[in-house]
Amino acid sequence: MSQDRNILAKSRKWVVKIGSALLTDDGRGLDYQAIGRWVDQLVALKAQGVDVVLVSSGAIAEGMTRLGWNKRPAQVYRLQAAAAVGQMGLVQVYEANFDRHNTRTAQVLLTHEDLSDRKRYLNARGTLCTLLELGVVPVVNENDTVITDEIKFGDNDTLAALVANLVEAEVVVLLTDQLGLFSADPREDENATLISQAKADDPMIASVAGAGGVFGRGGMVTKVRAAKLAARSGAVTVIASGRVGDVLLKIRAGQELGTLILPSRSPLVARKQWLAGQLQIRGTVVVDDGAREALQQRGKSLLPAGVKSVSGAFSRGDMVLIVDELGVELARGLVNYAADQARSIIGMSSAMIQQTIGFVNEDELVHRDNFVLV
C-alpha cells in the first residue's frame, strides 16, 4: 500500500456518491442486486469504524424508466415530475437493503441554496452530523423536485464534495461506470492509460476529462471539478468503477483502484470551507495592484479604496468574485454592500462611506474573514 493510499485505510469519515448509470443499470430500471451489494459494503465500512454519508443519484433516471421515457426531457417540470416519481423507488430500495443489516437510514434532500445560505448551511451540517453520531446512514440527493436552474447545471458529484465540506469528511468516493480517469477517452483511444494518482490542482486532469451520458448529468468533467472542491476542505477523492466487486472495501484496504486525487493545500478553516463551496456568484469586483498585494500577501481585507470597478446585481451578503485588472480571479467572498452602494464608494477611503451613502455597514467592502483566496 502506498503512503498516499494509506490515508484511505486510516480515515474515519467518507462520502460515497453512486451515479445514475450504476444505479439504474444504464437506464434499464433500478439494479436491485447492485444496490444491495453497495449497501453491504457501506455497512461493512461502518463496522470498520467509518462514518458514511451516501450521495445517491438515480431519482430522475428511475422516474424516466417508470414513466417509459427513453430520452431525458428538456422541460424543467417534466424533469421535476420524473424526480418525484423516481425518488419513491430509490428510497424504498435503500430502506429495504439497509434494514437487512438493522441499520437505520435517513433521507436528506438538499439544494445548492441550502449550502449557500450560512444559516441553512449550519442547519444542514447539524442534521447530518447528528445522524452520523446516532449511527444512521444519511442518503443524500439533490432536491430535483423543486429546484430549477440546479437541474440544468447541478450534479451530484459537486453535491458530494459540498457534503464532504459539511461533515468534514476525509474521503470522497465517486463511483462511476468507468475504471477511473484516463489519459484519453478509452472508448476512442486504445492507448489511453488509467491515471492512478494526481494532485487536485494539476491542469492535466481537467484537460483529459470527458462529458457525461444520457442518464447522468456528470462525467469526468464534474468529477474532476468535485475533486478540486473537496480538496479545498482537505479531502482526498477516489474516482472508481462501481462495477468492480467489493470496490469500496478494496479502496478502504488501499488497493490501487481508480484515480486518487489528492489536495495540494492544508484544510481551510470551517468558515472559509463554506465560502469555497459557494456556487452562486452574483457579481465581480475589480481591484488595483495595491489591493491585490494586500489580499494575497498580507491577508488584509478589501477596502473600497482599492476597488477600480464593480459589475453585477448583488445584495449585501452575496458572493462576489474579486479579480485583478487583467481579469485574473484572486478570491471570492461575501460583500458588505449592495451593488449600487458599492459603485458609489469605490476608490474612496472608509471614512467617506457615511458621507457618501448615509450609513456604514462595515469599513471593508469584503472582510478578510469572509473571503477565500483561489
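Use the structure listed above.
Residues numbered from 1 in each chain as written. Predicted model: local features only at pLDDT ≥ 70, side-chain atom pairs only at ≥ 80, totals over all residues. Heavy atoms only, no water.

J.: For the pairing of strand β12 (residues 329-334), give the residues involved together with the corresponding values.
T.: Extensive coverage of β12 is indicated by the burial of 5 of its 6 residues. Where strand β11 (residues 319-323) meets β12, 5 bridges bridge the pair, whose relative direction is antiparallel. Each residue of the ladder has a partner; that of Ile322, found in β12, is Ala331. Linking β11 back to β12 in an antiparallel pair, the connection comprises 5 residues, with Gly327 at a positive phi of about 90°. In terms of strand pairing, β12 meets strand β13 (residues 371-373) through 3 bridges, oriented antiparallel. Residue pairing for β13: Ala331 is matched across the bridge by Leu373. (Buried < 20%, exposed > 50% of the residue type's maximum accessible area, 1.4 Å probe, protein only. Helix = DSSP H or I, 4+ residues; strand = E, 2+ residues; numbered from the N terminus. Pairing = 2+ DSSP bridges.)

J.: I'd like to hear about the pattern of salt bridges, residue by residue, with values.
T.: Applying the stated criterion across every chain yields a total of 11 salt bridges. With its nearest N and O atoms 3.0 Å apart, the salt bridge here joins Asp157 to Lys17. A residue pair is termed long-range when its members are at least 10 positions apart, and Asp157 in helix α9 (residues 156-167) and Lys17 in strand β1 (residues 13-18) qualify at 140 residues. Under the relative-accessibility criterion, Lys17 is labelled buried at 5%. (Salt bridge = Lys/Arg side-chain N within 4 Å of Asp/Glu carboxyl O.)

J.: Residues and numbers for the packing of helix α3 (residues 32-47) against helix α5 (residues 76-99), please.
T.: Where α3 contacts α5, the two axes come as close as 9 Å, and the packing angle between them is 50°. Between α3 and α5, the crossing angle belongs to the class labelled oblique. α5 is crossed by α3, and the crossing has right-handed handedness. Along the contact surface, α3 presents Tyr32, Ile35, Gly36, Val39, Leu42 and Val43, while α5 presents Val93, Tyr94, Asn97 and Phe98. (Axes fitted to C-alpha atoms, helices over the stretch in contact; angles between N-to-C directions. Parallel < 35°, antiparallel > 145°, perpendicular 65-115°, else oblique. Left-handed = near helix turned anticlockwise from the far one by under 90°. Contact = heavy atoms within 4.5 Å.)

J.: Can you lay out the packing of aromatic side chains for me, pointing to particular residues and giving the numbers?
T.: Under the defined criterion, the tally for this structure stands at 1 aromatic pair. On the basis of an interplanar angle of 35° and a centroid distance of 6.3 Å, the ring pair of Tyr337 and Phe359 is categorised as tilted. Here Tyr337, found in the loop between β12 and α15 (339-345), pairs with Phe359, found in the loop between α16 (353-357) and β13; they are 22 residues apart in sequence, far enough to count as distant. Looking at Lys272, its charged tip hangs above the ring of Phe371, at a distance of 5.2 Å from the centre. (Phe/Tyr/Trp six-rings, centres within 6.5 Å; stacked < 30°, edge-to-face > 60°. Lys NZ or Arg CZ within 6 Å of the ring centre and 35° of its normal.)

J.: Please set out the packing of α9 against helix α11 (residues 220-232) residue by residue, giving values where relevant.
T.: Viewed as axis vectors pointing N to C, α9 and α11 meet at an angle of 10°, and their least axial separation amounts to 8 Å. In terms of their interaxial angle, α9 and α11 are classed as roughly parallel. When α9 is examined against α11, the residues Asp157, Thr158, Ala161 and Leu162 are found in contact with a partner set consisting of Thr222, Lys223, Ala226, Leu229 and Ala230. The residue makeup of the contact of α9 with α11, split by class, is 5 nonpolar, 2 polar and 2 charged. (Nonpolar A, V, L, I, M, F, W, Y, C, P; charged D, E, K, R; others polar.)

J.: Can you tell me about the sheet that holds strand β5 (residues 171-176), naming the residues and giving the values?
T.: By definition, the strands of a sheet pair up through backbone hydrogen bonds, in either a parallel or an antiparallel sense. Reading across from one edge, β3-β4-β2-β1-β5-β7-β8-β6 is the order of the 8 strands in this open sheet, with mixed pairing throughout. Taken across any chain shown, the strands that pair with only one partner, and hence form the sheet edges, are β3 (105-110) and β6 (197-199). Across the sheet, the mean angle from the axis of one strand to that of its neighbour is 20°, orientation sign disregarded. One ladder, built from 2 bridges, connects strand β2 (residues 51-56) with strand β4 (residues 137-142); its direction is parallel. Each residue of the ladder has a partner; that of Leu54, found in β4, is Val139.

J.: I'd love a proper account of the side chain of Ser57, names of residues and values included.
T.: Tracing the backbone through its elements, the reader meets Ser57 in the loop between β2 and α4 (59-67). Residue classification places Ser57 among the buried residues on the basis of a relative accessible area of 9%. Side-chain polar atoms of Ser57 contact the side chain of Asn156, separated by 3.1 Å. Ignoring any residue separated from it by four or fewer positions in sequence, one finds Ser57 in contact with Lys17, Ile18, Gly19, Ser20, Leu23, Leu90, Asn141 and Asn156. (Polar contact = N/O pair within 3.5 Å; in protein donor to acceptor, adjacent residues only side chain to side chain.)

J.: Describe the side chain of Thr222, listing the residues and the values that go with them.
T.: By the element assignment, Thr222 lies in helix α11. A distance of 2.5 Å separates the side chain of Thr222 from the side chain of Asp157, its partner in a polar contact.

J.: Account for the nonpolar core, naming residues and giving values.
T.: Counting residues in each nonpolar core, the largest one holds 48 residues, and the members touching the most others are Val15, Val140, Val163 and Val167. Of all the secondary structure elements, the ones that give two or more residues to this core are β2, β3, α7 (118-133), α9, β5, α11 and α13 (270-276). In terms of residue count, α9 provides more of this core than any other element does, 8 residues in total. Setting aside residues no more than four positions away along its own chain, Val15 makes contact with Val53, Val55, Ala160, Val163, Ala164, Val167, Ala169, Val171, Val172 and Val173. Judged by nonpolar contacts, the second largest core, of 36 residues, contains Trp14, Leu30, Val50 and Leu175. (Core = buried A, V, L, I, M, F, W, Y, C linked by side-chain atoms within 4.5 Å.)

J.: Describe the pairing of β4, with residues and values.
T.: Across the 6 residues of β4, 6 count as buried, placing the element largely inside the fold. Residues Val137, Val139 and Asn141 line one face of β4 and the alternating positions Pro138, Val140 and Glu142 line the opposite face, and both faces are buried. Sheet topology note: the β3/β4 ladder contains 6 bridges and is parallel. What sits directly across from Leu110, in β4, is Glu142.

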